[in-house]
Amino acid sequence: MALLLDLANIVGGFLLAVALLRLLPRVGDDLGRLAGRAAPIAWVVGVVALVTGGYYLIVHLVSGPRVFHFEVVGIGVGLALLWERLTGRPAPRGEQATGATGATGVRLLLAIFGLIAIVVGIQGLFTPDG
């Protein structure tokens, strides 16, 4: 279950951070195409992140030892990926953004949160579950 949370943080973070990752030289276009192919299943990653993050949040609130950042980030990733389905309002897209970087405002905030989620997911892979 912890592996699902970590993988959901990594994949969900990638899907959120693609607006910034497209700016990387040489690999940005390839990452953009990969994210375009993975976008239809982003809601599945969001559900997995939300369920596993919520599960661990409940477990750590009830039996301790404390709430960890892994589950808080997982819940945030799940909410960000499921925003359109939960609220009925469209999620911010990179194409709607204006400016030289292609990512401004809320989309930039989500992209930075995506990078944080990737780091937290990788950290979770190397953190013992116990």
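All of these numbers come straight from a predicted model, not from anything done at the bench.

A. Region of interest: the overall build of the chain. What the chain contains, in helices and strands, is six helices and zero strands. Moving toward the C terminus, one meets the helices and strands of the chain in the order α-α-α-α-α-α. Compactness check: the chain gives a C-alpha radius of gyration of 15 Å against a globular reference of 14 Å for 130 residues, within 12% of the reference. Dimensions along the principal axes, computed over C-alpha positions, put the chain at roughly 50 × 35 × 25 Å. The burial tally for the chain puts 38% of its 130 residues in the buried class.

B. Quick peek at the packing of helix α1 (residues 2-21) against helix α6 (residues 106-126). Across the interface, α1 lies against α6 with an axial gap of 7 Å and an inter-helix angle of 150 degrees. Classified by the interaxial angle, the pair formed by α1 and α6 is roughly antiparallel. The way α1 lies across α6 gives a crossing that is left-handed. Among the residues forming the contact of α1 with α6, the class breakdown is 21 nonpolar, five polar and two charged.

C. Local environment of the side chain of Thr-52. Within the fold, Thr-52 resides in helix α3 (residues 42-63). Residue Thr-52 is classed as buried on the basis of its relative accessible area of 2%.

D. View of the pattern of salt bridges. Across all of its chains, the model carries one salt bridge by this definition. Among the salt bridges present, the one from Arg-33 reaches Asp-30, with a minimum N-O distance of 2.3 Å. Highlighted residues: Arg-33 and Asp-30, both in helix α2 (residues 28-38), separated by three residues, approximately one helical turn. The class for Asp-30 is partly exposed, based on a relative accessible area of 44%.

E. Main features of the environment of Leu-4. Mapped onto the fold, Leu-4 is located in helix α1. Note on Leu-4: relative accessible area 45%, which makes it partly exposed. Each C-alpha atom of the pair Leu-4 and Thr-52 lies 7.1 Å from the other, and the pair is 48 residues apart in sequence. Apart from the residues lying within four places of it in its own chain, the contact partners of Leu-4 are Val-48 and Thr-52.

Rules of the game
Residues numbered from 1 in each chain as written. Predicted model: local features only at pLDDT ≥ 70, side-chain atom pairs only at ≥ 80, totals over all residues. Heavy atoms only, no water. Helix = DSSP H or I, 4+ residues; strand = E, 2+ residues; numbered from the N terminus. Rg over C-alpha atoms; globule rule 2.2 N^0.38 Å. Buried < 20%, exposed > 50% of the residue type's maximum accessible area, 1.4 Å probe, protein only. Axes fitted to C-alpha atoms, helices over the stretch in contact; angles between N-to-C directions. Parallel < 35°, antiparallel > 145°, perpendicular 65-115°, else oblique. Left-handed = near helix turned anticlockwise from the far one by under 90°. Nonpolar A, V, L, I, M, F, W, Y, C, P; charged D, E, K, R; others polar. Salt bridge = Lys/Arg side-chain N within 4 Å of Asp/Glu carboxyl O. Contact = heavy atoms within 4.5 Å.

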